[in-house]
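Architecture at a glance
Below are the chains, spelled out letter by letter.
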Amino acid sequence: GKITGATGGSAITVTDGNLNNSGLLSGVTSLATASDADFTAGADYSITNSGAIEAAGTGELALNANNFADARPVADATGKVKNDTTGSIANTGNIYLGTATGLTATAYNDLTLGGLLFAGATPAPVTSDDAWTGAVSLTANGALTVTAPIYVTGTNNNVTLTGSVVRAMADVSSATG
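It should be emphasised that the depicted structure is a prediction, and the values quoted were computed from it without experimental measurement.

**Side note on the sheet that holds strand β5 (residues 47-49)**
- Spatial strand order, β3-β5-β8-β11-β15-β18: 6 strands in an open sheet with parallel pairing. This sheet does not close on itself; its edge strands, each paired only once, are β3 (19-21) and β18 (165-168). Neighbour-to-neighbour, the strand axes of this sheet turn through a mean angle of 5°, independent of strand direction.
- Strand direction decides the pairing type here: strand β11 (residues 111-113) and strand β15 (residues 143-146), joined by 3 bridges, are parallel. The residue bridging leucine 113 from the neighbouring strand is valine 146, located in β15.

**A word on empty space enclosed by the protein**
- For the structure shown, the criterion picks out 1 cavity of 30 Å³ or more.
- As a volume, the largest cavity reaches approximately 30 Å³.
- In this structure, the largest cavity is lined by Leu63, Ile89, Asn91, Ile95, Ala105, Leu111, Thr112, Leu113 and Leu138.
- Elements with a minimum of two residues in the lining of the largest cavity: β8 (89-91) and β11.
- Of all the elements, β11 adds the most residues to the lining of the largest cavity, at 3 residues.
- The class makeup of the residues in the lining of the largest cavity is 7 nonpolar, 2 polar and no charged.

**Considerations on the packing of aromatic side chains**
- On inspection of all chains with the given rule, the structure shows 1 aromatic pair.
- Plain terms: the ring middles of tyrosine 96 and phenylalanine 118 are 4.5 Å apart, the flat faces sit at 20° to each other, and that makes the pair stacked. Here tyrosine 96, found in strand β9 (residues 94-96), pairs with phenylalanine 118, found in strand β12 (residues 116-119); they are 22 residues apart in sequence, far enough to count as distant.

What counts, and at which threshold
- Note that residues are indexed from 1 along each chain, following the sequence as it is written.
- Totals for whole chains, interfaces and linings use all residues, but because this is a predicted model, local features are given only for residues with pLDDT of at least 70 and pairs of side-chain atoms are given and counted only at 80 or more.
- The side-chain figures draw on all heavy atoms in the structure; neither hydrogens nor water molecules are used.
- Each pair of strands is called paired provided DSSP finds at least two bridges between the two strands.
- For helices the rule is a DSSP run of H or I covering at least 4 residues; for strands it is a run of E covering at least 2, with both sets numbered from the N terminus onward.
- Simply put, an axis is a line fit to the C-alpha atoms, just over the touching stretch for a helix, and the angle between two N-to-C directions goes from 0 to 180 degrees.
- The method works on a 1 Å grid over the protein atoms by themselves. A cavity is a set of points holding a 1.4 Å probe that cannot get out, a pocket is an open set with protein on both sides within 12 Å along at least five of seven lines, and residues with an atom within 4 Å of a point line them.
- Grid points are joined across faces, edges and corners, and a volume is the space filled by probe spheres set on the points.
- When residues are sorted by character, Ala, Val, Leu, Ile, Met, Phe, Trp, Tyr, Cys and Pro go into the nonpolar class, Asp, Glu, Lys and Arg into the charged class, and all the rest, Gly among them, into the polar class.
- Each Phe, Tyr or Trp ring, with Trp reduced to its six-membered ring, pairs with another whose centre is within 6.5 Å; inter-plane angles below 30 degrees give stacked pairs, above 60 give edge-to-face pairs, and intermediate values give tilted ones.

Encoded structure:
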C-alpha cells in the first residue's frame, strides 16, 4: 500500500507497537516507535522497511526506534516495573532523500541500514560520482551495520556512525566541498 504524508510532511509514530513498511511511505519527516505507560514488559518496538520511504522536502528525515528519553517511564511510587522495552531499525528497502538535508536514525538496540539511498530533485542512487549534499547520523545502543553505500559531500555534511559495534560493510565517504 501507499501512505502519503500531509503537505509539508508527516511524522508517523507507533506507540507500544512495531512499524513495518513493505509499501511506500511518502512525504515523511519522521518515523518512530515509542513506548508509554501501557507498554508490554520486554517488548521489542522496532522499525522495519523493505519498501520505500520518501522524505518530505527539505529538512531532515528522522528514524527513531523506541529511543525517546522522555518516553521511557520509570518506576512509580507503587513500584511499577521500569520500562524494559527495546527497539531496532532494519532497512533493506530504498530511502528517497530528495532534497532533504539530513538523515538521522537512532535505535535503542540494533540498527541496520541496507538497501539504497536516493537523492536529488530527480532521485538517483547515491554513488561516489553522485554524492548527496546532506549529513548522515546513525546511532545504535547495540550493533550498527551499514550495507548501503553512503556518499555525502558539502561543508559540514558528515557521516557519523555510533554503536557498541560498528560494521561498515559498504563504502562510507564524506567529502567537504
